[in-house]
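Observations on the model geometry
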Amino acid sequence: MKNILFFTLFVVFSFPCRLYAQQDMEYSLLLFDTPTTLYTMRQSNENYLSVYRYATRKLNNAMSPLYSMLIQADLHILFLSHITHNAARQSILVGEGVSSTSVPHFINEKKWPYIGGVRDADLQRLRDTKLPTYIRLHLGALESDYALSLRANSLLSWNREEISVLRFEYMMRQWTRFIFYFGELIRSEGKNAEEADELDRDITGDEVRGAIRHLHRPEMEFHRYTAYSDLTPEEQQFAKRVGRRSLINLLDPVLWFQNGFRSKSGNKVNFMLAYNMAPFGDFIDQHFWLMTRTLNLHFYLREYENRRTWFPAAGATLANVQPFSWMMLDATLHGWQQPQNLDFNTTKRRYGGAVDVTLKFFDKTFIKDRNIYASLNLGIVAKTQGYLPEEMAMESHVGGRFGLSIWFK
């Protein structure tokens, strides 16, 4: 871990680096990622956003903004958000070696998309042996929305994508998370009758209330679905905490049609406040982006909380740095305090951190077109024990990834 950190700092600061100044459009595809053998949340999010951006740009060029927006809305409601939500939750199951089935809403009687094909015994075993992972399974769809929002905001804040391409995608991800959490202030009873065949049941039922119930009572008799009446008075108070804190998600300039703030010198700054749940409670973020002629920087402060104890964290990303004409570097450092063993009740702290580096090697002969070229992308992440959004491993982990990017001038 220390060697990787030293190498990252050496590469970033030892060379006379320059920011990649050209406004070329990048569409990246992650072909292999660890620790799973099938696909990870990061892999599905990165690939989805690249395909979405490319398709939306073509759509915007082919028709009026109104018709383009209507088509985007229909696709999101019918397919797109469900695809990423189910992929996120399935990636957590894949990491635990549990097979499942993604069932879209238009071919089932429930009228909403769900993950089925999982036996109660497998889910109960996961709850009893890896509670943080089981809680994360409830929250995977919202974690994916949160990660996609951060990816989109970075692209917008650094002028790597046009607001006309990402506006609807960004709005959907942000408002979906807000509605899910804010809805906990409404005492709707919800569904708690489980299907007779366990393979036809959704793996979690109500995501937020299910997570809250299992955080407080992980040893209670197992059942999947959670109605409001299933919550104890203390759990109902926690649900209200979630609902109230979700208002933080509205403190986002892009959500209100303001893509950052420019100075007279041409520098650009942006910010976003965010709230999300975690496998041991929840957290609040303050994100800041800076773009200058020589710097693309993202910095965040984070405050985790389990039952009653706060744990601080912070991180920074330096992006699109070119130490050589044939190579680009993205480097991210994270540091945190989190509850020991990711426990909901403990006051004991554990320090941790992560280093994430991506190197992109350019080959402008790979595609024989003066307006299109490619890069080969190699990444490595090294982390201690702890929860990092979109990173599948919650134990200590060193992993690699491989992908490519297509660049359009």
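This one's a predicted model, so the numbers in the text were calculated from it and none came from an experiment.

Regarding the pattern of salt bridges
It is possible for side chains bearing opposite charge to pair when their charged atoms get close. For the structure shown, the criterion picks out 31 salt bridges. Its salt-bridge partner being Lys-360, residue Asp-330 comes within 3.7 Å of it at the nearest N-O pair. Residue Asp-330 is located in strand S10 (residues 327-339), and its partner Lys-360 is located in strand S11 (residues 349-363); the two are separated by 30 residues in the primary sequence. Judged by relative accessible area, Asp-330 falls into the buried class, the value being 18%. Taking the shortest distance from any N to any O, the salt bridge between Arg-401 and Asp-356 comes out at 2.3 Å.

As for the side chain of Ser-44
Locating Ser-44 in the fold gives a position in helix H2 (residues 41-62). Setting aside its immediate chain neighbours within four residues, Ser-44 contacts Tyr-39 and Ala-87.

Digging into the pairing of strand S9 (residues 310-324)
Pairing geometry for strand S8 (residues 296-305) and S9, over nine bridges, is antiparallel. Directly across from Tyr-304, in S9, lies its bridge partner Phe-311. Once S8 ends, the chain turns through four residues before running back antiparallel as S9. Taken together, the eight bridges between S9 and S10 define a ladder with antiparallel strand orientation. Each bridged residue has a counterpart across the sheet, and for Val-321 the counterpart in S10 is Leu-329. Once S9 ends, the chain turns through two residues before running back antiparallel as S10.

Quick notes on the pairing of strand S13 (residues 397-408)
Of the two faces of S13, the one holding His-397, Gly-399, Arg-401, Gly-403, Ser-405 and Trp-407 is buried and the one holding Val-398, Gly-400, Phe-402, Leu-404, Ile-406 and Phe-408 is not buried anywhere. Taken together, the eight bridges between strand S2 (residues 25-33) and S13 define a ladder with antiparallel strand orientation. In the strand pairing of S13, Asp-33 is matched with Arg-401. Bridging between strand S12 (residues 372-383) and S13 involves twelve bridges; their strand directions are antiparallel. Considered in S13, the bridge of Tyr-373 is made with Trp-407.

Some details on the nonpolar core
A general trend in soluble globular proteins is that nonpolar side chains are found buried together. Residues Tyr-304 and Tyr-387 are the most contacted members of the largest nonpolar core, which totals 33 residues. Elements with a minimum of two residues in this core: H2, helix H3 (65-95), helix H5 (131-157), helix H6 (163-182), strand S6 (268-278), strand S7 (281-291) and S9. Looking at this core, the element that brings in the most residues is H5, giving six residues. Ignoring any residue separated from it by four or fewer positions in sequence, one finds Tyr-387 in contact with Arg-136, Glu-143, Met-277, Ala-278, Pro-279, Phe-280, Phe-283, Tyr-304, Gln-338, Leu-342 and Met-394. Counting 16 residues, the second-largest nonpolar core is a separate cluster that includes Val-208, Ala-211, Phe-238 and Ala-239.

Topic: unusual backbone geometry
Cis rather than trans, the peptide bond between Thr-34 and Pro-35 has omega equal to 15°. In this structure, Pro-35 sits in the loop between S2 and H2. A positive phi angle, close to 60°, is found at Asn-320, a residue other than glycine. Mapped onto the elements of the fold, Asn-320 is located in strand S9. Among the residues examined, Asn-320 registers a relative accessible area of 7% and is labelled buried. In this structure, Glu-390 takes a positive phi of about 80° despite not being glycine. By the element assignment, Glu-390 lies in the loop between S12 and S13.

About the cut-offs
Residues numbered from 1 in each chain as written. Predicted model: local features only at pLDDT ≥ 70, side-chain atom pairs only at ≥ 80, totals over all residues. Heavy atoms only, no water. Salt bridge = Lys/Arg side-chain N within 4 Å of Asp/Glu carboxyl O. Helix = DSSP H or I, 4+ residues; strand = E, 2+ residues; numbered from the N terminus. Buried < 20%, exposed > 50% of the residue type's maximum accessible area, 1.4 Å probe, protein only. Contact = heavy atoms within 4.5 Å. Pairing = 2+ DSSP bridges. Core = buried A, V, L, I, M, F, W, Y, C linked by side-chain atoms within 4.5 Å.

By themselves, these figures tell us nothing about what the structure is for.
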